[in-house]
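For reference, the chains in residue letters:
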Amino acid sequence: MIIWKCSRCPSFRRLLLTFLGGVFLVFVWYVLARIYAGKLVLPSPFETLSTLFGLLTSVIGWQTFGVTLLRVGAAIFAGGAVGLLLGIAAGLSQDLRWFLEPLRWVSMSIPPITVVVIAMLWLGVGSGLVVCFASVMLAPIVYVNTIKGFDLVDDRLLEMATLYRFSLSMRVRRVYIPALTVPLSAAAVQVVCNAVRVTLLAEVIGSNNGMGAAISLANSTLELPTLFAWILIAVLLVGLLESLLLGPMQRRSEKWSKAK
Amino acid sequence: MIGASGANAVLSLRDASVRFGQGKTVGPFSGDFFAGDFVVVTGESGSGKTTFLRLCAGLLTAAGGSVDRSAGLVTGYVFQEPRLLPWCRVSENVMLPMLAAGVDAAEARARTEGLLDEAGLKDSAAQWPLTLSGGMAQRVNLIRALGIGPKLLLLDEPFSSLDAAGRSKMLDLVARHGRDAGMTVICVTHYPEELSGFTTRSMALGADGAAI
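Residues numbered from 1 in each chain as written. Chains lettered and ligands numbered in written order. Predicted model: local features only at pLDDT ≥ 70, side-chain atom pairs only at ≥ 80, totals over all residues. Heavy atoms only, no water.

1. A word on the layout of surface pockets
Residue and element names in this part refer to chain A. Approximately 610 Å³ is the volume attributed to the largest pocket. In terms of lining, the largest pocket is formed by 25 residues, of which the most central are I76, L184, A188, L246 and M249. Only α4 (59–92), α9 (168–206) and α11 (224–253) provide two or more residues apiece to the lining of the largest pocket. For the lining of the largest pocket, a count of residues per class yields 19 nonpolar, 6 polar and no charged. In this structure, the second largest pocket is lined by G22, L25, V26, W29, P45, L49, L52, F228, I231, L232, V235 and L236. The set of elements that each furnish at least two residues to the lining of the second largest pocket consists of α2 (10–35), α3 (45–56) and α11. Broken down by element, the residue count for the lining of the second largest pocket peaks at 5 residues, all from α11. Tallied by class, the residues present in the lining of the second largest pocket amount to 11 nonpolar, 1 polar and no charged. Looking at which domains feed residues into the lining of the second largest pocket, each of domain 1 (1–42) and domain 2 (51–258) supplies at least three. (1 Å grid on protein atoms, 1.4 Å probe; cavity = no way out; pocket = protein on both sides within 12 Å on 5 of 7 lines; lining within 4 Å. Points joined across faces, edges and corners; volume = space filled by probe spheres on them. Helix = DSSP H or I, 4+ residues; strand = E, 2+ residues; numbered from the N terminus. Nonpolar A, V, L, I, M, F, W, Y, C, P; charged D, E, K, R; others polar. Domains from an automatic or database assignment.)

See below:
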C-alpha cells in the first residue's frame, strides 16, 4: 500500500523498491541456507554478516580491502585513459578506427583466463599482473563506447563548429566530450562492475594478497562464511561506487538535459 | 567582378554546382555579392536554397564552376534550426565563435552581454538552450552569428518558426548591424515581402540554377 501511495515521490518509491528487492534476495539466501544447512554449501546470512563484521573490525581485513581497492582504482584509471584516448583518436579518424579494429576484436574476444595466464608468465604474480590484466579487460569497453558516442554526435553541430572555425581542442572539449558523456556514463557503470570482477579474478589466480587471494584461501580451507563475506564486500563496493561516484557524476553531466 | 559602386565582389559564384553522392547535382548557381548588399533568395522547396547558402559559406565544395570568396571573409550563418550546443549556456553559445575567432575573452564577454541586451535576452544569459522558446533560440542563433562581426551574413529561413513580433525583432537586429558594418546579407526565405524594406536585390532559384 505504501508503495502505491507514494507515487508523488518517485525517489522514495525507487529506494523502497530497491530495498525490498535486496530483502527478497536475502530471504531467498536464508531459505536456501536452511535447506542446505550443515552440508558446507551455503552459509546463512547471519553467519556471513557476523564474519563480515569481524573482517570490518580487523586491520588485516581493511588492509586486504585497501589493496584491492587501489588495484581497482588503478585499473579503472589506466584502462579508462587508454580506452578513452584511443576512442577519441579513432572517433576523429576513420582510418585509425579501421587500423585498430583487429586489436579491438582480439581484446574483446580473447578468453580472460588466457590473458591472466599469459600475463603471469610475463609479469609474475602481484599488483603489476592484476592491474595490467584488469586494464586490458576494461580498455575495450571504454573504447567501444567512446566510438559509439562519436557516431551519435549531431552532424549539424559539427557543421556549426566548422563554420565558426572551432579549433580541434575546442571541438573536442565543447562538442565531442559533452556529447560523449551520455554513452560514457552508461559505460562507466559497466566499467566499475567489471573492474571489481576482473581484479578479483586476477587476484584469485595471480596474487598473494587482496580480496581475490583471500577468497581463494577461504575456498581452499572451506571457510564458506569468510568466502561469502568477501563476496558481499565486493558487491557492496560496486554498489557504493555506483551510487556515490557514478550517480552524482551522471547527474552533473546531464543537468542541461534535465533543466527542461 | 566590379559592382556599380566600383567595389570588388565579396563573393562570386560562377556556374557553381554541387554533386551529392553519385547522382543528384544541384545548381549551377551564379551571382556577385557586394558589401552592403541585402539579397533575398527565393525558390520552391527543393530548388537548392540551403545548398546555395552552404556553398556561399564554404561548407560545401563546388563540383563544377567556381566560388570566389574575398580573402579572410568572416562569415556568420543563421541556420534554419538554431544548432545551439545544448550543454552550453546561452551566453557561452554566443561567446564560443568569438573565442574561436581569436577575440580576447574579456572583449568576447562584453560583446556577448551587449548583444544579449540588444536581442532582449539579457535575463536568459545563464539559461540552458533547451529551456528557450523557439523564437528565443533563433535570436541566440542570430546574435551568435553577429558576434564575430561577419562581413557576410547568411540567413537560412530564419523567420519561419517565429511570430510577427519575433520576426520584427530579428529583422531590426540584422538591419542595424548590417547597415553599421557594411555587411553583405543573403537571406533565403519563403516570404520576401516581409523583407521588402531592407533588400537591395532579389534572386529566384529555379530548378536549373540561379537567376538574379
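2. Focus on the pattern of salt bridges
Summed over all chains, the structure comprises 12 salt bridges over all chains. A salt bridge links D154 of chain A to R156 of chain A, with the nearest nitrogen and oxygen atoms 3.0 Å apart. Of the charged contacts in the structure, one is a salt bridge between D32 of chain B and R14 of chain B, with a shortest N-O distance of 2.9 Å. In this pair, D32 of chain B is assigned in strand β2 (residues 25–33) and R14 of chain B in strand β1 (residues 11–19), connecting sequence segments 18 residues apart. A single network of salt bridges, built from pairs that share partners, joins E159 of chain A together with R54, E81 and R83 of chain B. (Salt bridge = Lys/Arg side-chain N within 4 Å of Asp/Glu carboxyl O.)

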